[in-house]
Amino acid sequence: MSFFSKDPLQIIAFQSYGTADHLYLRGRAIEDENIDLEGKGFFKLIANNWKRFETDEIRNTEITIKLGDSRVFETKTDAKGYFKISEEIANLQELTNSEGWLQYEISYRNAVKGRKIQQENRFLGEMLISSTSASYGVISDIDDTILHTGVASTMKWRVLTNTFFKRVEKRSPLEGAAALYHKLHKGTTGIDANPIFYVSHSPWNLYCYLDCFLTKNSFPKGPILLRNLPNPFKKKGIEEKPQKQKEIIDLLKMYPDLPFILIGDSGEHDAGIYIEIAEAFPNRIKAIYLRSVKHEKKMRRIKGLFENYKTTPTLLVETSAAAEEHAKENGFIA
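We now turn to the structure provided with this report. (Residues numbered from 1 in each chain as written. Predicted model: local features only at pLDDT ≥ 70, side-chain atom pairs only at ≥ 80, totals over all residues. Heavy atoms only, no water.)

1. Some points on the overall build of the protein
- Secondary structure summary: the protein contains 8 helices and 14 strands in total.
- In the protein, which comprises 334 residues, the proportion classed as buried is 51%.
- Once local pairs closer than 6 in sequence are excluded, the contacts in the protein between residues at least 24 apart make up 72%.
- Total accessible area on the protein is roughly 17200 Å²; 51% of this is exposed by carbon and sulfur atoms. (Helix = DSSP H or I, 4+ residues; strand = E, 2+ residues; numbered from the N terminus. Buried < 20%, exposed > 50% of the residue type's maximum accessible area, 1.4 Å probe, protein only. Contact = heavy atoms within 4.5 Å. Areas by Shrake-Rupley, 256 points an atom, 1.4 Å probe, with all protein chains shown as cover.)

2. Focus on the nonpolar core
- Membership of the largest hydrophobic core comes to 36 residues, with the highest contact counts inside it found for Ile146, Tyr181, Leu184, Tyr198, Phe219, Tyr289 and Phe332.
- When residues of this core are traced back to their parent elements, those giving at least two are strand S1 (9-14), helix H3 (177-186), strand S10 (196-203), helix H4 (207-216), strand S11 (224-227), strand S12 (260-265), strand S13 (285-291) and helix H8 (320-329).
- Apart from the residues within four sequence positions on either side, phenylalanine 219 is in contact with Ile146, Pro173, Ala177, Ala178, Tyr181, His182, Tyr198, Phe213 and Leu214. (Core = buried A, V, L, I, M, F, W, Y, C linked by side-chain atoms within 4.5 Å.)

3. Brief notes about the pattern of salt bridges
- Summed over all chains, the structure comprises 12 salt bridges.
- Here arginine 59 and glutamate 57 are joined by a salt bridge, their closest N and O atoms 2.9 Å apart.
- Exposure remark for arginine 59: the relative accessible area of 48% places this residue in the partly exposed category.
- In this structure, arginine 109 and glutamate 62 form a salt bridge, with 3.1 Å as the shortest nitrogen-oxygen distance. Here arginine 109 is found in the loop between strand S7 (101-108) and strand S8 (123-129), whereas its partner glutamate 62 is found in strand S4 (residues 62-67), with 47 residues between them in sequence.
- Three or more residues are tied together by salt bridges with common partners; here these are Arg28, Glu57 and Arg59. (Salt bridge = Lys/Arg side-chain N within 4 Å of Asp/Glu carboxyl O.)

What follows is the structure in structure tokens.
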């Protein structure tokens, strides 16, 4: 492709979640920068990260969504190329596979003059409908909960190093995390199909990177819920909650009859967020697991926070094995 040629177009459909009568789909229309997640070499990493954050979004563009039973819906991307559909639609359960995933096809409604559209303008997306056999759901943070990141490091230099200068295949999962999550997914019967949701403060620009990490390290499949990059010129409202907290609350509202286990780390704000959610939704949170981080001051603060907290069973864990033992004792897993 010549220097002045424009990149082809694509649509990234984020794995989402819904119910048998609620269609909830999200994604983004952007140019395909041909990011090589497995590319080796320092300069390749720099180039990939530049492409990942210097996105060329397809703004205010009409797109079409087609379900497996030929029902069609239309929406429009916003100023950053994102789209979202949230509609009450009947009989969606009939379109799911054995694990509760509904597949759909998404495309640009109209041809874009002078632009090539990848995959013959047919992109696949998936939405999870929680199984009726599920005993509970799991909402898990990613950074330093299942993925070594270094959020507690000074000036967060380890976060920058790990995120921008390590290929996804070189990123290390925390020991035993994938096995624990599979046991939570299977529950006590082995076939519960308890849904797993991954939340992070990371931006949507890292969606494909994190999805690749979870797949390569054999974590249970589940929606990944991230955030938009903030507008540096927009003042944050006094009462505005972190996007991670909003996503968790949306999940609790989407599945009002499903209790949840919350898993996070002690390095950032998970403890405060999880306690606030447990207080706001009585009897909905079965347990809170927080991984300990190597930061004495942060650990003292977290231990003080939980010292007199009795509403929800809470455990500070050093290893996945400690969380697994507690889950077994409390009847969450076999």
